[in-house]
Amino acid sequence: MGGTNRFDVAADTAQFTPDQLQPSVVVGLGFQGWARWLREFLVSFPELIHSERIGVVVVGLSIRYLAPYRFSDSEEMNVATTVEDMGAGRLLALETSISSTPGEVVHLHTLLRVVALGQDESLAAAPGRLPGHLLNRGALDGRRERVERPVRQMVAALSEEAPIAVGDYPFLVHRHMCEVADQWSIVHVPSIVSAAREHLLLGSADETLMAALGRPLSRVDIELSHPLFLFDEATVETAVYREGTTFVHRIVSGGSAPVLHAVVVESLAGPAGGGHEKTAPAQAGAVFSPSNTGT
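If you're wondering where the values come from, they're calculated on a predicted model, not measured in any experiment.

Caption draft 1: Structural context of the environment of P170. Topologically, P170 is positioned in strand β8 (residues 165–172). With a relative accessible area of 60%, P170 lands in the exposed category. Between the C-alpha atoms of P170 and E233, which are 63 residues apart in sequence, the distance is 7.4 Å. Not counting the four nearest positions on each side in its chain, P170 is found in contact with A234 and T235.

Given below as structure tokens:
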């Protein structure tokens, strides 16, 4: 029987936009839940990395905004974290539920690939699995099912549509955007693409696109493919679809021989102001890695 870690968080103004929890805050609470779950049910995060020589890398991440929730709505949030084994300790699904007075307001699904870490301080990694003495503690729910890839599905659904606007947003990976191994942290990816979206919209004279500046997010889906490291230069290539409600971002580097680092799809509330997810979150996603894909 798997275990659930729960903790409360006092609401503060830095966690919110005028409309909702910041997506970077949602991801950060997910990682805090992961660290707390590890400490309660297996071993602490530092012990997992430095003693067990095991890490996890982010494959993808899906945020679902399920109900309106603003700073003024309550004084605190409850974060509940469960972890499921997607197959022999090699792939883990981290489920994070954020609840407040209205009930569950945000759900975060993250998919972790387990890696074996080298013996040096670089935290270089190779494919691995949780060791038997951790698997046998019974803390992980077992689940075997097809892993969904929502980003690929959403991009494929747009393949016959022409974008209504495109734009580029260059950025540099500074140290505040990195984790302990000096590679970019998935916590900051939602903020990077949000900046790219707003940069494009602010440069547009299209009233339909300008209206998107005032719409909250309904969902954010991220699929990661290659890490970025400290002081790397990269560009967010953004395409806008469906009356400014869908933004597809490709994070690339490398100039004439580009490397794709991530694809992110942001879905905004429609022109009428609705758009919160009404169904259970899709099973796909991502989690945290101290070694090769983004956090």
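Caption draft 2: Structural detail: the pairing of strand β11 (residues 246–253). With respect to burial, β11 is a largely interior element, seven of its eight residues being buried. Strand direction decides the pairing type here: strand β10 (residues 233–241) and β11, joined by seven bridges, are antiparallel. Considered in β11, the bridge of E237 is made with R250. Connecting the antiparallel pair β10 and β11 is a turn made up of four residues, with R242 showing a positive phi of about 55 degrees. Bridge analysis of β11 against strand β12 (residues 259–268) gives eight bridges, and the strand direction is antiparallel. Pairing of S253 across the sheet is with V259, part of β12. Counting the residues between successive antiparallel strands, the hairpin from β11 to β12 contains five residues, one of them, G254, with a positive phi of roughly 110 degrees.

Caption draft 3: The arrangement of helix α4 (residues 150–157) in detail. Buried residues of α4: P150, V151 and M154, and no others. Buried residues along α4 cover an arc of 100 degrees about the axis, so they all sit on one side.

Caption draft 4: Main features of a nonpolar patch on the surface. A grouping of L202, M210 and L213 is seen on the molecular surface, where their side chains present a nonpolar patch of about 270 Å² in accessible area. Assignment of secondary structure puts L213 in the loop between α6 (207–211) and β9 (217–224).

Caption draft 5: Quick look at the packing of aromatic side chains. As enumerated under the stated definition, the model contains five aromatic pairs in all. For the pair F16 and F71, a centre-to-centre distance of 5.8 Å together with 65 degrees between the ring planes defines the contact as edge-to-face. A residue pair is termed long-range when its members are at least 10 positions apart, and F16 in the loop between β1 (5–10) and α1 (23–41) and F71 in the loop between β2 (54–65) and β3 (76–85) qualify at 55 residues. Judged by relative accessible area, which is 37%, F71 ranks as partly exposed. With 6.3 Å between their ring centres and 5 degrees between their planes, W34 and W37 make a pair best called stacked. A residue pair is termed a helical-turn pair when its members lie 3 or 4 positions apart in one helix, as W34 and W37 do in helix α1 at three residues.

Caption draft 6: Structural detail: the nonpolar core. Among the nonpolar cores identified, the biggest contains 52 residues, and L21, I63, I98, F171, W184, I186 and I251 are the most heavily contacted of them. The element contributing the most residues to this core is helix α5 (residues 189–202), with six residues. If we ignore the near neighbours within four places in the chain, the residues touching F171 are M177, I192, L228, D232, E233, A234, T235, V236 and I251. Counting residues in hydrophobic clusters, the runner-up holds 22 residues, among them W37, L112, L130 and L134.

Definitions and cut-offs
- Residues numbered from 1 in each chain as written.
- Predicted model: local features only at pLDDT ≥ 70, side-chain atom pairs only at ≥ 80, totals over all residues.
- Heavy atoms only, no water.
- Helix = DSSP H or I, 4+ residues; strand = E, 2+ residues; numbered from the N terminus.
- Buried < 20%, exposed > 50% of the residue type's maximum accessible area, 1.4 Å probe, protein only.
- Contact = heavy atoms within 4.5 Å.
- Pairing = 2+ DSSP bridges.
- Arc of directions from axis to C-beta.
- Patch = residues over 30% accessible without salt bridge, like charges linked within 9 Å, V, L, I, M, F, W, Y side chains within 5 Å.
- Areas by Shrake-Rupley, 256 points an atom, 1.4 Å probe, with all protein chains shown as cover.
- Salt bridge = Lys/Arg side-chain N within 4 Å of Asp/Glu carboxyl O.
- Phe/Tyr/Trp six-rings, centres within 6.5 Å; stacked < 30°, edge-to-face > 60°.
- Core = buried A, V, L, I, M, F, W, Y, C linked by side-chain atoms within 4.5 Å.

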